[in-house]
Amino acid sequence: MTNSVWLSASLALLALALSFADAYDPSPLQDICVAVEEPKNALFVNGKFCKNPVLTTANDFLFSGLQVPRSTANPVGSTVTTVFVDQLPGLNTLGISMVRIDFGIGGLNPPHFHPRGSEILLVLEGTLYAGFVTSNQLNNTFFEKVLHPGDVFVFPFGMIHFQLNVGKTNAVAIAGLSSQNPGVTTVANDLFNAKPPISPEVLAKGFQVDEKLVETLQKKFWYDN
Ligand SMILES: *[C@@H]1O[C@H](CO)[C@@H](O)[C@H](O)[C@H]1NC(C)=O
(Lines give C-alpha, C1' and ligand atoms only; values in the text may rest on other atoms or scores of the structure.)
Protein backbone atom coordinates (compact mmCIF):
# COMPACT_ATOMS: atom_id res chain seq x y z
CA MET A 1 0.00 0.00 0.00
CA THR A 2 1.20 3.49 -0.77
CA ASN A 3 1.10 6.01 2.07
CA SER A 4 -1.93 7.81 0.66
CA VAL A 5 -3.91 4.61 0.17
CA TRP A 6 -3.05 3.55 3.69
CA LEU A 7 -4.06 6.97 5.03
CA SER A 8 -7.43 6.97 3.30
CA ALA A 9 -8.09 3.38 4.41
CA SER A 10 -7.29 4.39 8.00
CA LEU A 11 -9.53 7.43 7.78
CA ALA A 12 -12.37 5.32 6.38
CA LEU A 13 -12.00 2.86 9.27
CA LEU A 14 -11.88 5.73 11.78
CA ALA A 15 -15.03 7.26 10.28
CA LEU A 16 -16.76 3.87 10.52
CA ALA A 17 -15.69 3.48 14.16
CA LEU A 18 -16.86 7.03 14.99
CA SER A 19 -20.17 6.51 13.22
CA PHE A 20 -20.83 3.51 15.48
CA ALA A 21 -19.70 5.40 18.57
CA ASP A 22 -22.09 8.28 17.81
CA ALA A 23 -24.93 6.25 16.34
CA TYR A 24 -28.55 6.56 17.44
CA ASP A 25 -31.52 4.95 15.69
CA PRO A 26 -29.30 3.65 12.91
CA SER A 27 -30.81 1.91 9.93
CA PRO A 28 -31.84 -1.60 10.94
CA LEU A 29 -28.98 -4.08 11.04
CA GLN A 30 -31.28 -7.04 10.42
CA ASP A 31 -34.91 -7.68 9.42
CA ILE A 32 -36.20 -7.72 12.99
CA CYS A 33 -34.76 -7.12 16.44
CA VAL A 34 -37.43 -7.52 19.12
CA ALA A 35 -36.28 -6.02 22.43
CA VAL A 36 -35.80 -8.42 25.36
CA GLU A 37 -34.70 -7.61 28.91
CA GLU A 38 -32.82 -10.91 29.36
CA PRO A 39 -29.33 -10.69 27.82
CA LYS A 40 -28.71 -14.46 27.84
CA ASN A 41 -27.96 -15.66 24.28
CA ALA A 42 -28.79 -12.18 22.96
CA LEU A 43 -27.00 -9.72 20.74
CA PHE A 44 -26.54 -6.17 22.08
CA VAL A 45 -27.78 -3.61 19.56
CA ASN A 46 -28.79 0.03 20.02
CA GLY A 47 -29.51 -0.08 23.74
CA LYS A 48 -31.77 -3.14 23.73
CA PHE A 49 -31.09 -6.82 23.27
CA CYS A 50 -32.57 -8.62 20.30
CA LYS A 51 -34.87 -11.54 20.87
CA ASN A 52 -33.91 -14.69 19.04
CA PRO A 53 -35.84 -14.45 15.71
CA VAL A 54 -36.82 -18.12 16.06
CA LEU A 55 -38.69 -17.29 19.28
CA THR A 56 -40.29 -14.11 17.88
CA THR A 57 -44.06 -14.00 17.37
CA ALA A 58 -46.53 -11.59 15.80
CA ASN A 59 -47.41 -10.31 19.28
CA ASP A 60 -43.91 -8.83 19.55
CA PHE A 61 -44.98 -6.33 16.85
CA LEU A 62 -48.42 -5.55 18.31
CA PHE A 63 -49.63 -2.85 20.70
CA SER A 64 -53.36 -2.72 21.37
CA GLY A 65 -55.67 -0.18 22.97
CA LEU A 66 -54.72 3.11 21.32
CA GLN A 67 -58.40 3.66 20.39
CA VAL A 68 -59.26 4.06 24.09
CA PRO A 69 -59.55 7.68 25.33
CA ARG A 70 -57.62 8.31 28.52
CA SER A 71 -58.54 10.65 31.35
CA THR A 72 -57.29 14.21 31.02
CA ALA A 73 -58.20 15.12 34.62
CA ASN A 74 -54.75 16.45 35.49
CA PRO A 75 -53.16 19.91 35.91
CA VAL A 76 -52.47 20.40 32.16
CA GLY A 77 -55.64 18.74 30.83
CA SER A 78 -53.86 16.44 28.39
CA THR A 79 -52.55 12.88 28.45
CA VAL A 80 -49.92 11.36 26.18
CA THR A 81 -50.00 7.61 25.60
CA THR A 82 -46.63 6.51 24.26
CA VAL A 83 -45.98 3.56 21.98
CA PHE A 84 -42.20 3.62 22.22
CA VAL A 85 -39.85 0.62 22.23
CA ASP A 86 -40.54 0.11 25.95
CA GLN A 87 -44.22 -0.48 25.13
CA LEU A 88 -43.73 -2.18 21.73
CA PRO A 89 -40.52 -4.25 21.68
CA GLY A 90 -40.75 -4.91 17.93
CA LEU A 91 -39.81 -1.24 17.35
CA ASN A 92 -36.24 -1.96 18.44
CA THR A 93 -33.70 -0.52 15.93
CA LEU A 94 -36.45 0.68 13.54
CA GLY A 95 -36.25 4.42 14.28
CA ILE A 96 -40.01 5.04 14.58
CA SER A 97 -42.68 5.23 17.28
CA MET A 98 -46.17 6.62 17.94
CA VAL A 99 -48.21 8.49 20.53
CA ARG A 100 -51.89 9.21 21.14
CA ILE A 101 -52.65 12.55 22.78
CA ASP A 102 -55.97 13.20 24.52
CA PHE A 103 -56.99 16.78 25.30
CA GLY A 104 -59.81 17.92 27.58
CA ILE A 105 -61.42 21.27 26.80
CA GLY A 106 -58.65 23.87 27.18
CA GLY A 107 -56.11 21.06 27.65
CA LEU A 108 -52.46 21.78 26.85
CA ASN A 109 -49.60 19.53 25.85
CA PRO A 110 -47.09 21.96 27.36
CA PRO A 111 -44.02 23.31 25.52
CA HIS A 112 -41.59 20.43 25.14
CA PHE A 113 -39.14 18.90 22.69
CA HIS A 114 -38.00 15.44 21.72
CA PRO A 115 -34.24 15.07 22.08
CA ARG A 116 -34.12 12.22 19.57
CA GLY A 117 -36.83 12.72 16.97
CA SER A 118 -39.02 14.75 14.64
CA GLU A 119 -42.79 14.43 15.02
CA ILE A 120 -45.66 14.30 12.51
CA LEU A 121 -49.07 14.88 14.12
CA LEU A 122 -52.54 14.05 12.76
CA VAL A 123 -55.63 15.61 14.37
CA LEU A 124 -58.48 13.08 14.58
CA GLU A 125 -61.00 15.06 16.64
CA GLY A 126 -61.34 18.63 17.89
CA THR A 127 -59.40 21.81 17.23
CA LEU A 128 -55.78 22.27 18.27
CA TYR A 129 -53.63 25.38 18.25
CA ALA A 130 -50.08 24.10 17.67
CA GLY A 131 -46.70 25.64 17.06
CA PHE A 132 -42.96 25.30 17.29
CA VAL A 133 -40.03 27.70 17.66
CA THR A 134 -36.79 27.40 15.73
CA SER A 135 -33.35 27.59 17.30
CA ASN A 136 -31.30 30.78 17.82
CA GLN A 137 -29.65 30.26 14.42
CA LEU A 138 -33.02 30.98 12.76
CA ASN A 139 -33.85 33.84 15.15
CA ASN A 140 -36.30 31.86 17.34
CA THR A 141 -38.95 32.07 14.61
CA PHE A 142 -42.39 30.90 15.78
CA PHE A 143 -44.51 28.79 13.38
CA GLU A 144 -48.13 28.38 14.54
CA LYS A 145 -51.33 26.93 13.13
CA VAL A 146 -54.89 26.09 14.17
CA LEU A 147 -55.47 22.45 13.23
CA HIS A 148 -58.72 20.63 12.46
CA PRO A 149 -59.51 16.93 11.97
CA GLY A 150 -57.48 15.60 9.05
CA ASP A 151 -54.77 18.25 9.40
CA VAL A 152 -51.20 17.02 9.68
CA PHE A 153 -48.51 19.24 11.21
CA VAL A 154 -44.78 18.62 11.60
CA PHE A 155 -42.54 19.48 14.55
CA PRO A 156 -38.93 19.30 13.38
CA PHE A 157 -36.24 17.50 15.36
CA GLY A 158 -35.42 19.13 18.70
CA MET A 159 -37.70 22.19 18.26
CA ILE A 160 -39.77 23.33 21.26
CA HIS A 161 -43.46 22.78 20.43
CA PHE A 162 -46.93 22.52 22.02
CA GLN A 163 -50.58 21.80 21.27
CA LEU A 164 -53.53 23.55 22.98
CA ASN A 165 -57.16 22.46 22.65
CA VAL A 166 -58.96 25.64 21.55
CA GLY A 167 -62.22 23.89 20.56
CA LYS A 168 -65.46 23.37 22.46
CA THR A 169 -65.00 19.57 22.64
CA ASN A 170 -62.30 17.13 23.65
CA ALA A 171 -59.57 16.63 21.08
CA VAL A 172 -57.52 13.62 19.98
CA ALA A 173 -54.34 13.46 17.94
CA ILE A 174 -52.01 10.68 16.82
CA ALA A 175 -48.35 11.38 16.13
CA GLY A 176 -45.48 9.44 14.64
CA LEU A 177 -41.92 10.11 15.82
CA SER A 178 -38.64 9.37 14.07
CA SER A 179 -37.08 7.38 16.90
CA GLN A 180 -37.92 4.17 18.74
CA ASN A 181 -37.28 6.19 21.93
CA PRO A 182 -37.66 9.91 21.07
CA GLY A 183 -37.71 11.10 24.68
CA VAL A 184 -39.60 14.13 26.00
CA THR A 185 -38.18 17.22 27.69
CA THR A 186 -40.95 19.43 29.10
CA VAL A 187 -39.23 22.80 29.15
CA ALA A 188 -40.70 24.32 32.34
CA ASN A 189 -40.35 21.07 34.30
CA ASP A 190 -36.78 20.58 33.13
CA LEU A 191 -35.75 24.03 34.38
CA PHE A 192 -37.97 24.61 37.42
CA ASN A 193 -38.27 21.03 38.66
CA ALA A 194 -34.63 19.99 38.20
CA LYS A 195 -33.39 17.71 40.99
CA PRO A 196 -31.38 19.02 42.71
CA PRO A 197 -32.73 22.51 41.92
CA ILE A 198 -30.81 24.78 39.56
CA SER A 199 -29.45 27.80 41.47
CA PRO A 200 -32.12 30.59 41.43
CA GLU A 201 -29.32 32.99 40.47
CA VAL A 202 -28.82 31.09 37.21
CA LEU A 203 -32.53 31.00 36.35
CA ALA A 204 -33.09 34.63 37.45
CA LYS A 205 -30.31 35.83 35.13
CA GLY A 206 -31.32 33.44 32.35
CA PHE A 207 -34.95 34.59 32.39
CA GLN A 208 -34.31 38.25 33.33
CA VAL A 209 -36.58 38.03 36.37
CA ASP A 210 -35.87 38.34 40.10
CA GLU A 211 -34.89 35.38 42.23
CA LYS A 212 -38.13 35.55 44.24
CA LEU A 213 -40.13 34.70 41.12
CA VAL A 214 -37.75 31.84 40.34
CA GLU A 215 -38.12 30.47 43.87
CA THR A 216 -41.93 30.69 43.57
CA LEU A 217 -41.78 28.74 40.31
CA GLN A 218 -39.44 26.15 41.81
CA LYS A 219 -41.93 25.50 44.64
CA LYS A 220 -44.80 24.75 42.23
CA PHE A 221 -45.94 21.25 41.43
CA TRP A 222 -44.79 20.44 37.90
CA TYR A 223 -46.98 17.77 36.39
CA ASP A 224 -45.29 15.52 33.86
CA ASN A 225 -47.92 14.50 31.28
C1 LIG B 1 -32.05 36.38 11.39
O2 LIG B 1 -31.68 37.68 11.77
C3 LIG B 1 -30.57 38.18 11.05
C4 LIG B 1 -30.16 39.51 11.66
O5 LIG B 1 -31.28 40.38 11.77
C6 LIG B 1 -30.92 38.27 9.58
O7 LIG B 1 -29.82 38.73 8.83
C8 LIG B 1 -31.34 36.88 9.08
O9 LIG B 1 -31.79 36.98 7.74
C10 LIG B 1 -32.43 36.31 9.93
N11 LIG B 1 -32.70 34.94 9.53
C12 LIG B 1 -33.92 34.41 9.49
C13 LIG B 1 -34.00 33.00 9.04
O14 LIG B 1 -34.92 35.04 9.79
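As a reminder, the structure under discussion sits directly above these lines.
Attention here is on the structure that accompanies the text. (Residues numbered from 1 in each chain as written. Predicted model: local features only at pLDDT ≥ 70, side-chain atom pairs only at ≥ 80, totals over all residues. Heavy atoms only, no water.)

**Observations concerning unusual backbone geometry**
Point 1. Each neighbour pair has its own omega, and for Lys195 with Pro196 the value is -5°, a cis peptide bond.
Point 2. For Pro196, the position within the fold is in the loop between α2 (187–192) and α3 (200–207).
Point 3. Residues other than glycine seldom take positive phi values, yet Asn139 does so here, at roughly 65°.
Point 4. The phi dihedral of Asn140 falls on the positive side, at around 50°, and the residue is not glycine.
Point 5. Assignment of secondary structure puts Asn140 in the loop between β8 (128–133) and β9 (142–147).
Point 6. A relative accessible area of 44% places Asn140 in the partly exposed class. (Helix = DSSP H or I, 4+ residues; strand = E, 2+ residues; numbered from the N terminus. Buried < 20%, exposed > 50% of the residue type's maximum accessible area, 1.4 Å probe, protein only.)

**Comments concerning the packing of aromatic side chains**
Point 1. If you walk through the whole model with that rule in mind, you get seven aromatic pairs.
Point 2. Plain terms: the ring middles of Phe132 and Phe153 are 6.3 Å apart, the flat faces sit at 50° to each other, and that makes the pair tilted. Of this pair, Phe132 sits in strand β8 while Phe153 is found in strand β10 (residues 152–155), placing the two residues 21 residues apart along the sequence.
Point 3. Under the relative-accessibility criterion, Phe132 is labelled buried at 9%.
Point 4. Overall, Phe153 belongs to the buried group, its relative accessible area being 14%.
Point 5. One aromatic cluster is present, built from ring pairs that chain together Phe132, Phe143, Phe153 and Phe155. (Phe/Tyr/Trp six-rings, centres within 6.5 Å; stacked < 30°, edge-to-face > 60°.)

**A closer look at the sheet that holds strand β7 (residues 119–125)**
Point 1. Ordered by their spatial adjacency, five strands build an open sheet running β4-β5-β12-β7-β10, and the pairing between neighbours is antiparallel. Of all the strands in the sheet, the pair left with one neighbour each is β4 (78–83) and β10. Across the sheet, the mean angle from the axis of one strand to that of its neighbour is 20°, orientation sign disregarded.
Point 2. The pairing of strand β5 (residues 97–103) with strand β12 (residues 171–177) spans seven bridges and is antiparallel. Residue pairing for β12: Val99 is matched across the bridge by Ala175. (Pairing = 2+ DSSP bridges. Axes fitted to C-alpha atoms, helices over the stretch in contact; angles between N-to-C directions.)

By themselves, these figures tell us nothing about what the structure is for.
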